[in-house]
Structures are given as C-alpha cells and as structure tokens.
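# Observations on the three-dimensional arrangement
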Amino acid sequence: MSIIEAKGLARTFTSRKRTVHAVRGVDLTVEAGEIVGFLGPNGAGKTTTLRMLTTLLRPTAGSATVAGADLLRDPLGVRERIGYVPQAIGQTMGGTDPECLVVEELLDQAALYRIGRADAMARAEALTAQLDLGGLDRRLVKTLSGGQRRRLEIALGLVHEPALVFLDEPTTGLDPQSRSNLWDHIRGLRADLGTTVFLTTHYLDEADALCDRVFIIDHGEIVGTGTPDELKRQVSGDVVTLAVNGGGASGGVNGGGANGTAEATRALLARQPVVQDVTLSDDGELRLHVVNGAEALPALLRVLDDAGVTMSSINLSRPTLDDVFLTMTGRSLRDDSPGAARPGKQRDEQEPQPAGKE
Amino acid sequence: MTFIHDTLVVFRRQERLSLRNPAWVVIALVQPVLYLVLFGPLLTHLPAGTLGGGSGAGGTAEAYKFFVPGLLIQLGLFGSTFVGFAIISDWRGGVIERFRVTPVSRLAVMTGRVLRDVIVLVAQAVILVLVGVAFGLRAPVIAVLISLGFIVLVALGLASVSYATALLLKSEDAFAPLLNSIIVPLVLLSGIMLPLSLGPGWLQGIARVSPFRYIIDAMRSAFYGHYANTVMLEGVAVSIGLALVCLWLGSRVFLRENA
C-alpha cells in the first residue's frame, strides 16, 4: 500500500468575509521509500497541504491515508507514525528552543513519543551521530550554527524512527555549503534508515538533486507530476542562451545600442527553421528553444556570423526544472526567490491568522 | 494515565527552562517581599477599624491580616495572567506546532505549563506569608493552608485562560494592553489595596462581579479565624467555579484541531 494516498484534499480559509482557496483538491500518491518533492512558489499551497497531511490543519474537503492511518478518523495514529520538521522561516520557526541543550531537546522529543529513558538515550546518541551533531549535546541550541540547528530539527523529527518524514523547506535560509551537506543527510535518511521523505522546496536545484519524483503545485492545484527527467522531457528540446555584443555600453533604452542589436538578433534567430521560439530577457540575454541543440548550434553560429553579429557568450543546456515550471505555470520560479529568502515574507502561504474559527 | 505522563513531560521541560534563567528565579523570589515591604507600612498607619472585620483593634497585626490575603491574590492576578507571553514566543519558535504533531496530548501542552505556574505561585505565596510573619502577621496555620488552596485554584484558572488567550491572539502587542485593561480594574474591584467598604455604594455594587473579591473576603475571614460562614462558602464556590470555567475555556483552545 502507498504510504501517502490523498484524494481531493482541499482547504479554504475565511478571513474578513473573504474566502481564500489555499488548496483546491490535491490528489497525490507516494510510495514507501521514495524521496518526493513538493515544488511551488510561495503561496502556492505547499505548506497548507503539508499541514493537512500532518494533522495540523483539518482539510475542508477530501480524504487521505498517511502511513497507514486515516487522516480524518485517526489523526493520532498519523501523528504516531510520521515525523515532521516545520519550516524555519516565515511566521514560525523550526521548533527548537534557544535555551535548551541539544540533548534535552532530543530527550524531550522522545518523551513526547513516550519512549522510555534508556531507549531515548540510545536514540539521541544514534541521531547525533547520524546527523553530524556529535560533541554538541551539551551545547545550548542558541549557540548552534544555522546548519547545525536545522540538523537538530531534523533529528527531532526522527526520534521515534518514523517510516515517513515531512520536511518543510529543509534548506531555506542556509548557506550553499550547509545546503549541500543537508542534502547528503536527507539522502542518508533513505539509504541508511529506509525512511520515506516528503519535502517541500522552492529551489528547483534541490528538487532536481534530491527527489525521485516531483509534484508541481501552483495556485493550490497540482499542475505537474513526474520524475525530474520526465518533467524535463515534457519541455521539448534544448535551450540555447546567448548574449551579443552590441554597439558599446552607451546604448539607449530602445532602439540603437546593445538592445537594438539584441532585438535585431532576436528577429533574425526567430526566422531560422531550427528555432522553435526565442525570447529576449531584460538583461539582454537571448533564450531559444531548439529540438536538438548539438545539431542546431553550428547552423546558428553560421547565421550569426554571416549577419556580422558577435557574441560575448553562448551556452547550450538541457531544460531544467525551472523551464518545466515556466512552461507549466507561465512564470519563472526564480521570480519570487529574492523575497522568499527574507524571513517574514511568506505571509500569503500561511493561514490568515486573525480568523478565530474556521 | 498517558495524560498525566504527558503533563509531567511538559512540566519538567518548562520547569527546567525557568530555573535556567537566574533573573527569573531572583525576580520570582523577591517580588512578594517587595510588595510587602512597600505596601505594608501604608496600611499599618491607617486608623483602627478602617479595615473592618476582626476586633477593630487596628495596628500592625490587624493590618497584615487584611493585607496579606490581598497581596496573595495580587501575586496571582499578575503572575498567572502574564504567563501567556511565553507561549506566544514558543508559538513563534515553532515549538507549539512541533508538540502538536507528536502523539502527546494537546491538552497537556497547556496543563504541563499550568502545573509549573501553580507551583511557582504557591512558592511565592509561602515566601510572602513567611515574610509577613516576620513583619508582624499573626494568623492561624489552617488559615494559611486554606489561603494556599485558594491560590492554587486561582493560578490554575488564570494561567489556563492566559495561555488560551495568548495563543488565540499570537501577538504580544495585543496581549499586553488587553491584560492591563482587565487586571488594573480587577485589582481595584477586588479590594486588594484598600477595603471596598471605603468606597461609595455604586462601586461596591460593581465590585460584586469580581470573583476575586469573594475569594479575598474568604481568605481574610480565615485569617481572622472564621472558617465556617457564608463568606467562606461563597469563596470556595466562586474559586472552584472560576477554576473550572477557565480550565474548560483553555482546553477548548488547546484541543482545537486547527491552531
């Protein structure tokens, strides 16, 4: 049996007489042993869906079985079987108390699952080793680095050896080194413990690097599902990006100068039969889709050379999940990344707090 | 029995975190002494009979029999209602959510904390009574025990409601003015500082709505040596009723499926 099976999960919030459809009927199936990514921009409904699957929020419609327990009839059964690591940015943080010792957090968490003292000590020891927290057990949480604290939060989600763990934005806010280090640990969860991992992310590279399968969610609906490779194949062809040398740095806004050259080049490339479409970005970069990049490239170079266009750079790439996202939702995921990195800027995804009762 | 286990798990965590903070410990211990040292001399200089009850003999011993019960309730009114601030920062830290995803009783998240608050308040009350005795308070031991019973019920109720309200508001900026606008009138209407008998009739009428007024009257009655009378009965009924209603309100918030 699948470890997660959700049918038509939906959640609406009513705030100041306005109804917000945060999630509009999500169907999803996750098999035991998978690492699955839930990908979408801020406000798409990722966290709301996760909060429903972890019994923090009651769905307004739909049903689900999570880790063998019925979400609506047996929420306690779900809680006993899953681990949950909340996101550490936005309105609420990751769940550790700055004034606690690392070992106290681990033992307290074990006590919440009613694990006996001796077993709890053994689990704490195993988890500190597993997540590279060795030697930190007598340290106050507030003295940990961002990456260490995040690993502690993940350790807390694993104290009771759950078959399924939910990670909400596991690496958001971490520096690049800590991120790739955490990726290794997340891979290790499955490799060493056989844990099924369900994570949300708005980093495409994270989904690409970690996940066997990706669900793309936008406006509260799942708009695409598949392995990263399958999704990329849906975006036909390869991507060529190139920048042209214009008439010097003094170019005007419209016409003349670099932009004029780039626009002329765009028109020229659009006429080539191998080019499916071509767009000119604000920073003067040309981006074109071609069926087979390796074959198209020599022809394109010849055309540009004949026209007297000189290039400062050219790059051929297989489509990324970013392209997939762009194709499926009509906008680039990168567009909302800058705001996403700042704490407190994720309001739109959270439930509207003033609503006293739902 | 798992509920008791869960409550104790939460209690031990909160107790450990409290004791780790030396400033908190010192303030908690000094506060009752400070109240007594500052307010006490004010009342011992009132003319005999002003404070009512007892023999009307006036003087230091009389004043403290009036004043110590009032201070005990004041400790509770301020101490137990302000505990909600801590749960707002815990909510913001994701700790509440973390607990709610585990099988731990969601009610124990409240009761474990309330247990800590009750014990803190009882400890403060004992200090206050002991210092009072050093200052000249003479009261029967049974009266002190009865008063501690009232204090337990008051702390139980007020702390529960404080946590529930704070968790609903989720904002210190909203919680602080709310507390001030409720507690300051309650301090007046409960006759903590001054006997309500000094006030005009309409004020005494309004004061009847304050549950703490009945509890203080019962405690004062005990301090004067009267245990079996209507005042005591009213005090017991009101304090138990208050604790039950507050616990019920608090549990409703903590047991909600969405938080």
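Per-chain numbering applies: the sequence of each chain, read as written, is numbered from 1 onward. All chains are assigned letters beginning with A, and all ligands numbers beginning with 1, in the order in which they are written. pLDDT decides what is reported in this predicted model: residues at 70 or higher carry local features, side-chain atom pairs at 80 or more are listed and counted, and totals for whole chains, interfaces and linings draw on all residues regardless.

### Regarding the overall build of chain B
Secondary structure is summarised from DSSP: a helix means a run of H or I of at least four residues, a strand means a run of E of at least two, and numbering begins at the N terminus for each. For chain B, the helix and strand inventory stands at 11 helices and zero strands. Order of helices (α) and strands (β) in chain B, N terminus to C terminus: α-α-α-α-α-α-α-α-α-α-α. Only the C-alpha atoms count toward the radius of gyration. The rule for a globule is 2.2 Å times the residue count to the power 0.38. Its C-alpha atoms give chain B a radius of gyration of 19 Å, within 12% of the compact-globule value 18 Å for 259 residues. Seen along its three principal axes, the alpha-carbon backbone of chain B occupies a region of about 60 × 40 × 35 Å. Looking at the 259 residues of chain B, the share that counts as buried comes to 46%. We call two residues in contact if the C-beta atoms placed from their backbones are at most 7 Å apart. Nonlocal contacts in chain B, meaning residues at least 24 apart in sequence, comprise 80% of its contacts between residues at least 6 apart. With C-beta atoms placed from the backbone, the exposure class of a residue follows from how many other C-beta atoms lie within 10 Å of its own: 20 or more, buried; 12 or fewer, exposed; in between, partly exposed.

### Side note on the interface of chain B and chain A
Contact residues are listed per partner, giving 23 residues for chain B and 25 residues for chain A. For this scheme, ten residues count as nonpolar: Ala, Val, Leu, Ile, Met, Phe, Trp, Tyr, Cys and Pro. Four count as charged, namely Asp, Glu, Lys and Arg, and the remainder, Gly too, count as polar. When its residues are assigned to classes, the side of chain B that touches chain A shows nine nonpolar, six polar and eight charged.

### Comments concerning the confidence of the model for chain B
Across chain B, the average pLDDT comes to 88, with 93% of residues at 70 or higher. In the model output, the complex is listed with pTM 0.82 alongside ipTM 0.87. Confidence of the predictor at the level of single residues is given by pLDDT, which spans 0 to 100.

### Observations regarding the domain arrangement of chain A
It is common to report an interface's size as the accessible area lost on association of the parts. Per the domain assignment, the segments making up chain A are domain 1 (4-233) and domain 2 (236-318). In this structure, domain 1 of chain A and domain 2 of chain A have C-alpha centres spaced 42 Å apart. Each domain's extent was defined by an automatic or database domain assignment.

### A few points about the environment of T327 of chain A
Here T327 of chain A is to be found in helix α11 (residues 321-329). As a C-alpha pair, T327 of chain A and V235 of chain A span 92 residues in sequence and 7.1 Å in three-dimensional space.

### Structural notes on helix α1 (residues 46-53) of chain A
Residue and element names in this part refer to chain A. Among the eight residues in α1, eight count as buried, and that is most of the element. By the burial criterion, the buried members of α1 are K46, T47, T48, T49, L50, R51, M52 and L53. Where α1 terminates, the next one or two residues include T55, which has phi positive at roughly 70°.

### Brief notes about unusual backbone geometry
With a phi close to 50°, A67 of chain A is a non-glycine residue in the positive phi region. Looking at the secondary structure, you find A67 of chain A in the loop between β4 (61-66) and β5 (69-70).

### Quick notes on the packing of helix α3 (residues 102-112) of chain A against helix α4 (residues 117-130) of chain A
Residues and elements named next belong to chain A. For helices, the fitted line uses only the C-alpha atoms of the stretch in contact; every axis is such a line through C-alpha atoms, and the angle between N-to-C directions lies from 0 to 180 degrees. Direction vectors running N to C along α3 and α4 enclose 130°, while the axes themselves pass 9 Å from each other. One element, α3, and the other, α4, form an angle in the oblique class. Here α3 runs over α4; the crossing is right-handed. Within the contact between the two elements, α3 uses V103, L106, L107, A110 and A111 and α4 uses A120, R123, A124 and L127. Oblique is the label for any angle not under 35 degrees, not over 145, and not in the 65 to 115 range, which are roughly parallel, roughly antiparallel and roughly perpendicular in turn. If you view the pair so one helix is near and one far, a crossing is left-handed when the near helix is turned anticlockwise from the far one by less than a right angle, and right-handed when it is turned clockwise.

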